[in-house]
Amino acid sequence: MSASPPAPGPVPADDAVGGASSPAAAGDSPRKGIRFFASPGISGLLLYALVFVLALTPVPYLLQTPGPVVNTLEPYEGVDLVSISGTQTYEAEGTLDMLTVAVSGGPGRDIFTAQAFFSLLNGVETVVPSEAYYPLDTTRDQVSDQNSADMMSSQDQATAAALGELDIDYDSVIGVSQIVRGSPAEGVLQPGDHVLAVDGEDVDGSDDGMSAVREAVVAADGEVQLTIERDGQTDEVAVEPAEPIESDGQQSIGVVMSPAYSFPFDVDFAVEGIGGPSAGTIFALTIIDMLTEGDLTGDQAIAGTGAIDASGTVSPIGGARQKVAAASASGADYFLAPAGNCTEVLGAHGVDDTTVVRIDDLSAAHQAVTDIAEGSTDTLPTCTDPES
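Please read these numbers as outputs of a predicted model, since none were measured by experiment.

### Let's talk about the state of the cysteines
(1) Moving on: Tallying each qualifying case throughout the model produces 1 disulfide.
(2) Moving on: Note on cysteine connectivity: Cys 342 is disulfide-linked to Cys 383, with sulfurs 2.0 Å apart. With the S-S dihedral at roughly -70°, the linkage between Cys 342 and Cys 383 falls on the left-handed side. With Cys 342 in helix α7 (residues 342-346) and Cys 383 in the segment after α8 (362-374), this residue pair connects regions lying 41 residues apart in the sequence.

If you want it as structure tokens, here you go:
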């Protein structure tokens, strides 16, 4: 049994046309369809609400903006950015600006639609999909660890390149650049450690040396004995390999190795909170300036960027457009740009306010800065040269 009345029969939406009788003719009262109208005020509120919701909708993009500009020849937040001990150094003056890029978004930190939209309009910031830089399963901790590892590696590479440019000898060793979280090596090894021997056998920083460590770990039936150097002190540590975190079928200790170097003196960097490899070229020039008499820059305002390896080869970096804008805003007269970034740099905001110098390696960068200091700028390589 239903408490509801039976549904009424069909009701025409309009009066009948032609010879058919209307409900009124049959003695029934005409029924009108119920119609709802939204006032202009309500429609406007709904539109505003929709726009508001869309503006605050997270989107998986990265937002790159110009970051702080740091002169590597002056103290940063009261501390020398680069310091050298154990050898003769010379006071360096002038301006060698390290350029940074502030990044919003990425793994665990999506930006809002409104941020992305307005960034596309201003011509200085860049909006790129997060997956263009990071796999979809990347975590924020992994990004932080990788940035720290890249910065540490760039410091070693820059020091090696600078010493090579000055014909100063050094040794190649195996460096610990990253520790996998939760792995057997966590708490035993640290980023920055140097591996000198495995199970009593000396190893160096060559591919053969790193292969020897990997093979010893894979073949181990128990603990692996490592001789390491940390903060100038040699120590023996033991690590027992575990089943791999990644399914490659081999046991591991959770260490990412990379070539590192044992230098005849100490070079230290104070770069807390700054990550990535792009400061390598400026670091190398700073070290050269500190190890040679006179002012390398000749009191000229010079900024630059570029990753570097131990051989001195300069590689392109991300965020070049933002770095040009930052250099221009800081008053830099010259901007050292990796050849691989030339196309991007020439389209950057502020590029007309500075002279862009194309660099392929540290020797070219060193010569360019020397020429700038001496006022011999007519033959500087630029991004508009045909060969660039």
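Following the structure, the description resumes.
### Some remarks on the pairing of strand β19 (residues 334-338)
(1) Moving on: Burial of β19 is extensive: 5 of the 5 residues sit out of reach of the surface.
(2) Moving on: Going residue by residue along β19, you find Tyr 334, Leu 336 and Pro 338 tucked away on one face and Phe 335 and Ala 337 tucked away on the opposite face as well.
(3) Moving on: Relative to β19, strand β16 (residues 301-304) runs parallel, the two sharing 3 bridges. Each bridged residue has a counterpart across the sheet, and for Gly 304 the counterpart in β19 is Leu 336.
(4) Moving on: Pairing of β19 with strand β20 (residues 355-359), which is carried by 5 bridges, proceeds in the parallel orientation. Counterpart to Phe 335 in the pairing with β20 is Val 356.

### Some details on the side chain of Asn 71
(1) Moving on: Topologically, Asn 71 is positioned in strand β2 (residues 61-71).
(2) Moving on: Residue class for Asn 71 comes out buried when judged on its relative accessible area of 12%.
(3) Moving on: Separated by 3.1 Å, the side chain of Asn 71 and the backbone nitrogen of Leu 73 make a polar contact.
(4) Moving on: At 3.0 Å, the side chain of Asn 71 forms a polar contact with the backbone oxygen of Gly 94.

### What about the nonpolar core?
(1) Moving on: Grouped together as the largest cluster of nonpolar side chains are 44 residues, with contacts concentrated most on Val 82, Met 98, Phe 283, Leu 285 and Ile 287.
(2) Moving on: Mapped by element, the contributors of at least two residues to this core are β5 (82-85), β6 (95-105), α3 (140-165), β15 (266-269), α5 (280-291), β19, β20 and α8.
(3) Moving on: Setting aside chain neighbours within four positions, we find Ile 287 in contact with Val 82, Ile 84, Ala 158, Thr 159, Ala 162, Leu 163, Val 267 and Phe 269.
(4) Moving on: Core analysis: the second largest hydrophobic core is formed by 20 residues, Ala 220, Val 237, Val 239 and Ile 253 among them.

Reading guide: rules and limits
Counting of residues starts from 1 at the beginning of each chain's written sequence and follows it residue by residue. Given that this is a predicted model, residues contribute local features only at a pLDDT of at least 70 and side-chain atom pairs are listed and counted only at 80 or more, while totals for whole chains, interfaces and linings are drawn from all residues. Derived side-chain values reflect all non-hydrogen atoms in the structure, with water molecules and hydrogen atoms excluded from consideration. Cysteine sulfurs are considered disulfide-paired once they come within 2.5 Å of each other. Think of it this way: any DSSP run of H or I at least four residues long counts as a helix, any run of E at least two long counts as a strand, and we number them from the N terminus. Burial here depends on accessible area, computed with a 1.4 Å probe over protein chains only, as a share of the maximum for the residue type. Under 20% is buried, over 50% is exposed, and the range in between is partly exposed. In this scheme, strands are said to pair when DSSP sees at least two bridges between them. Each polar contact in these results corresponds to two N or O atoms within 3.5 Å; when the atoms are within protein, one needs to be able to donate a hydrogen and the other to accept it, and residues that are neighboring in sequence are counted only if both atoms are side-chain atoms. The definition of a nonpolar core used throughout is a set of buried Ala, Val, Leu, Ile, Met, Phe, Trp, Tyr and Cys residues joined through side-chain atoms within 4.5 Å. We call two residues in contact when some of their heavy atoms are within 4.5 Å.

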